[in-house]
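Chains, contacts and geometry: an overview
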Amino acid sequence: PCGIVAPAGPHASNNRSEAGVSMSKRILKTVLVFFVALGAFLWAVQNLVNLDSAYGSVAYVLSNADHTAYPKSLGPAITSPALVWLALVLILVGEFMTALLAAKGAWDMFACRRASAGEFQAAKRFAVLGCGMAVVVWFGIFTVIGGAYFQMWQTEIGDASFTGALHYAIINAAILIFVDMADD
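Attention here is on the structure that accompanies the text. (Residues numbered from 1 in each chain as written. Predicted model: local features only at pLDDT ≥ 70, side-chain atom pairs only at ≥ 80, totals over all residues. Heavy atoms only, no water.)

**A closer look at the packing of aromatic side chains**
Considering all chains together, one arrives at 7 aromatic pairs under this definition. The structure contains a cluster of three or more aromatic residues connected by ring pairs, namely Trp43, Trp138 and Tyr168. Here Lys29 stacks its cationic end above the ring of Phe178, 5.1 Å away from the centre of that ring. Across from the ring centre of Phe126, 5.0 Å away, lies the NZ or CZ of Arg125, which sits over that ring. (Phe/Tyr/Trp six-rings, centres within 6.5 Å; stacked < 30°, edge-to-face > 60°. Lys NZ or Arg CZ within 6 Å of the ring centre and 35° of its normal.)

**A word on the pattern of salt bridges**
One pass over the full model with this rule turns up 1 salt bridge. Notably, a salt bridge pairs Lys104 with Asp108, separated by 2.9 Å at the nearest N-O pair. In this pair, Lys104 and Asp108 are both assigned in helix H3 (residues 81-111), 4 residues apart and thus about one turn of the helix distant. In this structure Lys104 comes out as partly exposed when scored by relative accessible area, which is 38%. (Salt bridge = Lys/Arg side-chain N within 4 Å of Asp/Glu carboxyl O. Helix = DSSP H or I, 4+ residues; strand = E, 2+ residues; numbered from the N terminus. Buried < 20%, exposed > 50% of the residue type's maximum accessible area, 1.4 Å probe, protein only.)

**Details of helix H6 (residues 156-180)**
Across its 25 residues, H6 extends 36 Å between first and last C-alpha, which sits within 8% of the 36 Å expected from 1.5 Å per residue. If you check which residues of H6 are buried, you get Gly158, Phe162, Ala165, Tyr168, Ala169, Asn172, Ile175 and Val179. (Expected span 1.5 Å × (residues − 1).)

**Side note on the nonpolar core**
When a protein is soluble and globular, its nonpolar side chains tend to lie buried together. Val33, Trp138 and Phe142 are the most contacted members of the largest nonpolar core, which has 39 residues in total. Sorting elements by how many residues they give to this core places H3 first, with 9 residues. Not counting the four nearest positions on each side in its chain, Trp138 is found in contact with Ala40, Trp43, Glu95, Thr98, Thr143, Ala165, Leu166, Tyr168 and Ala169. (Core = buried A, V, L, I, M, F, W, Y, C linked by side-chain atoms within 4.5 Å. Contact = heavy atoms within 4.5 Å.)

**What about unusual backbone geometry?**
At Asn64, a residue that is not glycine, the phi angle is positive and equals roughly 60°. When you line up the elements, Asn64 lands in the loop between helix H2 (51-62) and H3. A relative accessible area of 15% places Asn64 in the buried class. Phi at Gln151 takes a positive value of approximately 55°, unusual for a residue other than glycine. Positionally, Gln151 belongs in the loop between helix H5 (125-149) and H6. The exposure class assigned to Gln151 is buried, which follows from its relative accessible area of 13%.

Here it is, written out as C-alpha cells:
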C-alpha cells in the first residue's frame, strides 16, 4: 500500500493481461513524469551554471532590441537590471518548482504503482502539478509573455528560446494529459 488516502475508484481487473497493461501504463506515466522533473532540473541548473549568459539573454529579450519586423511594442522595454534579475529569478523559481513537483509526483506514483486505481490516481497529484507548472513556465512565461508581449521571435537569440520553450510546453502538456487520464 502506498499510504495515500483516495476516494474509492474503479476496481482493477482480475484479468492478468489487462493488469499487465495497466501496470505498464503506470510505469510509463511514472517514467515520463521523472523526465519532466529531470528536464526542468537540468534547464534550471544550466541557467545557474551560465548565469551571466542567462541574464544577458533575458536582458536582451526584455530590451526589445533589434526588432525589425514589428519595431513598435505594446509596452516599454525593460532595461532596469533589477527588473531583469527579477524576471530571471522568476524563470529559475518556475523551473525548480517544476522539477520538485514532478520529482515528488514521480516518487509518489512509483510508490503506488501496485495500489488500487483510486490510490494511484491520488498519487498523481504532484505529477499533475509539476507538468502543469512546466506548461506555465514554458508556455506562459516564454511563449505568451516572451513571445507575444516582448516579441522575442524577432531575434535569433529570442527565436531559439521561443522555439525551444514552445516544444517543451507542448511535450509537457501532452504528458500532463496522458498522466492525468484515469487508470483501471
